[in-house]
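What follows is each chain in one-letter form.
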Amino acid sequence: MFLKQLYRHSKTACFILIAFLLAFIYIFFKWGIVAAPVLQYGMFSAPVHLADTQQVYMISVNNKPVDCAALSFSDRDILQVSLADYEKQGAVNESVYNTMHKFLGFTGLMDKNKYVNHISDAGFTQWYKAKLEKITGASVDSLSVYKQYFLWRQNSLQPVGTPIKLAFIVP
Amino acid sequence: MFLNNTHRKRFAIFYLICFAVYYGWYCYHGLLLHQLAPVFFHNKLDITSNIIQLSDLFNIVIRTPWLQILFDALFLLLPLLLCVCCIAGYRMQYLLAILTAVFNLIYAVLLSSMSALSMEGFVSWMMLPIIFAFRNETSFYYTLQSMRYFFLLIFFSSAVWKIRTGAIFNTEQMSAILVNQHAACLVDQPDSWFSNFIKYLISHKQISYVIYLLATLSEFVFVIGFFTKRFDRLLIIIFLVFVALDYFLMGINYFSWIAFLGCLWFSRLERPAEKTAKG
């Protein structure tokens, strides 16, 4: 048996391996917090349904829509995911701070200010415009972004509700 | 045949090639830290990330562009130095291996908190440097085997997750995943060949469900590696097909995990005699 052989070779190495495997199994069962490099590898495991609402950011540069489908997967992620992440970052970071305070609060080093992004909406817009210019190769004179919800109906994604203009994209 | 230093050097070269290709890919797509020039971070429920954040490193990196360049440079240089030391047999490889693993962990935490990249994609760069820590052939054998078990566990646990959450029993799971994954593409270019292909899979739920079942099965079969090493070459082929299809169908890049395949490739080589270890 491998563990037995490893124990004979090095007790320390055997202990580290067992601790690592136990941590992996614990995090697997605990279903929530992880501790890199012990992660949860449950990609695409959450049940999803065709009736779920999809969210797409409709980006317009110089009054022309940006064709995200024509971009590489990574460029598309930069344009779409960074908007979603920025929109949620305040709430997400605060929630993480509150949860992690239970585990790391004893260090006395947890400071709420460290969990706050010191950037204005105008600063984010400027950064986003620079990314757009780099990815599309065109200068961005005007930019507007709308959040639109879609539903899968009749073999295509159909818009539902009215598009919501992103207030944090500053003209 | 016994596992020896030649195999370790070959593994180091393979690791370096994998890493160089991956780094080049990141560089080409503008995904390195200084290329992204992040302006905000989003934290995760990850204890390691939050221990790092105790030092306010996220905010420091965001407001210090030269630090971003330094991190990118170290991310390239450390594995390079490690592999050179491993091939040349320098004594400092133990220290360098630990340093590389720890640094890559920090780099992964930073990059995944400031971009759309996931931490899972970096796991090979965090873990594999440890294999090269030891000059001793027996120690190399044991770290290689341990890393092999870890890789098997990653894949096997992915399949178990799909069973545990019930996703595997949801017949429209893959169709719904495809809609979610390619929503922007389906909206912007609904008539492109790729959108039409994806739409075909979405509307033919049975076909897409079979793909999901096969993907789960291909993850599940890695369990066999816990009992025998006889099928490791077959697992390599299954893994490569899985990664290629994952990129084509989902647009997800797990190419970094290819570096783990060295563990499966060399797994059947026998343990060096203990006298070699002590020598």
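Given the structure is predicted, the values throughout are model-derived calculations rather than measurements.

1. Side note on the nonpolar core
Most often, soluble globular proteins keep nonpolar side chains buried together rather than apart.
Argument step 1. If you look at the biggest cluster of nonpolar residues, it comprises 139 residues, and the most contacted ones within it are Ile59, Leu83 and Phe124 of chain A together with Phe122, Phe150 and Trp257 of chain B.
Argument step 2. Among the elements that make up this core, the one with the highest residue count is helix 8 (residues 137-164) of chain B (12 residues).
Argument step 3. Non-local contacts of Leu83 of chain A, meaning those with residues more than four positions away in its chain, are made with Tyr57, Ile59, Phe124, Tyr128, Val145, Leu166, Phe168 and Ile169 of chain A.
Argument step 4. Core analysis: the second largest hydrophobic core is formed by 8 residues, Ile33, Val96 and Leu104 of chain A together with Leu54 of chain B among them.

2. A word on the pattern of salt bridges
All names here are of chain B.
Argument step 1. Taken as a whole, this structure holds 5 salt bridges over all chains when the rule is applied.
Argument step 2. As a salt-bridge pair, Arg148 and Asp232 come within 2.7 Å of each other at their nearest N and O atoms. Of this pair, Arg148 sits in helix 8 while Asp232 sits in helix 13 (residues 232-250), and the two are 84 residues apart along the sequence.
Argument step 3. The buried category is assigned to Arg148, whose relative accessible area is 0%.
Argument step 4. Lys162 serves as the salt-bridge partner of Glu219, at 3.2 Å between the closest nitrogen and oxygen. One end of the pair, Glu219, is in helix 12 (residues 205-220); the other, Lys162, is in helix 8, and 57 residues separate them in sequence. Here Glu219 matches Lys162 in class, with each residue buried.

3. A short note on the interface of chain B and chain A
Interfaces are often sized by the amount of accessible area the parts lose when they come together.
Argument step 1. In this complex, chain B contributes 81 residues to the contact, which on the side of chain A involves 75 residues.
Argument step 2. For the pair chain B and chain A, the two sides together bury roughly 6,800 Å², of which 68% comes from carbon and sulfur.
Argument step 3. Counting the surface chain B buries against chain A, the share from its top three residues, Leu45, Leu54 and Trp161 of chain B, is 11%.
Argument step 4. One can count 0 salt bridges joining chain B with chain A.
Argument step 5. The interface formed by chain B and chain A includes 33 residue pairs in polar contact (both at pLDDT 80 or more).
Argument step 6. Considering each element in turn, the side of chain B that touches chain A owes the most residues, 16 residues, to helix 8 of chain B.
Argument step 7. When its residues are assigned to classes, the side of chain B that touches chain A shows 44 nonpolar, 25 polar and 12 charged.

4. Some words on the domain arrangement of chain A
Argument step 1. Each assigned domain of chain A is listed here: domain 1 (1-45) and domain 2 (47-165).
Argument step 2. Each of domain 1 of chain A and domain 2 of chain A has a C-alpha centre, and the two are 34 Å apart.

5. Some details on the packing of aromatic side chains
Within a pair of aromatic rings, the relevant descriptors are the distance that separates the centres and the angle that separates the planes.
Argument step 1. Across all of its chains, the model carries 57 aromatic pairs over all chains by this definition.
Argument step 2. Seen from their ring centres, Phe73 of chain A and Tyr247 of chain B are 5.6 Å apart, and the 85° between their planes marks the pair as edge-to-face. One end of the pair, Phe73 of chain A, is in helix 3 (residues 73-104); the other, Tyr247 of chain B, is in helix 13, on a second chain.
Argument step 3. Between Phe197 of chain B and Phe248 of chain B, the ring centres sit 5.8 Å apart and the planes meet at 45°, which makes this aromatic pair tilted.

6. Comments concerning the sheet that holds strand 4 (residues 156-165) of chain A
Residues and elements named next belong to chain A.
Argument step 1. Pairing is antiparallel in the open sheet, where 4 strands are placed in the order 2-1-3-4. Unpaired on one side and paired on the other, strand 2 (64-65) and strand 4 mark the two borders of the sheet.
Argument step 2. Where strand 1 (residues 54-61) and strand 2 come together, 2 bridges link them in antiparallel fashion. Considered in strand 2, the bridge of Val61 is made with Lys64.
Argument step 3. Contacts between helix 3 and the sheet are confined to strand 1 and strand 3 (143-153), with strand 1 contributing the most and set at about 110° to the helix.

Conventions used here
- Residues numbered from 1 in each chain as written.
- Chains lettered and ligands numbered in written order.
- Predicted model: local features only at pLDDT ≥ 70, side-chain atom pairs only at ≥ 80, totals over all residues.
- Heavy atoms only, no water.
- Core = buried A, V, L, I, M, F, W, Y, C linked by side-chain atoms within 4.5 Å.
- Buried < 20%, exposed > 50% of the residue type's maximum accessible area, 1.4 Å probe, protein only.
- Helix = DSSP H or I, 4+ residues; strand = E, 2+ residues; numbered from the N terminus.
- Contact = heavy atoms within 4.5 Å.
- Salt bridge = Lys/Arg side-chain N within 4 Å of Asp/Glu carboxyl O.
- Buried area = accessible area lost by both parts, 1.4 Å probe.
- Polar contact = N/O pair within 3.5 Å; in protein donor to acceptor, adjacent residues only side chain to side chain.
- Nonpolar A, V, L, I, M, F, W, Y, C, P; charged D, E, K, R; others polar.
- Domains from an automatic or database assignment.
- Phe/Tyr/Trp six-rings, centres within 6.5 Å; stacked < 30°, edge-to-face > 60°.
- Pairing = 2+ DSSP bridges.
- Axes fitted to C-alpha atoms, helices over the stretch in contact; angles between N-to-C directions.

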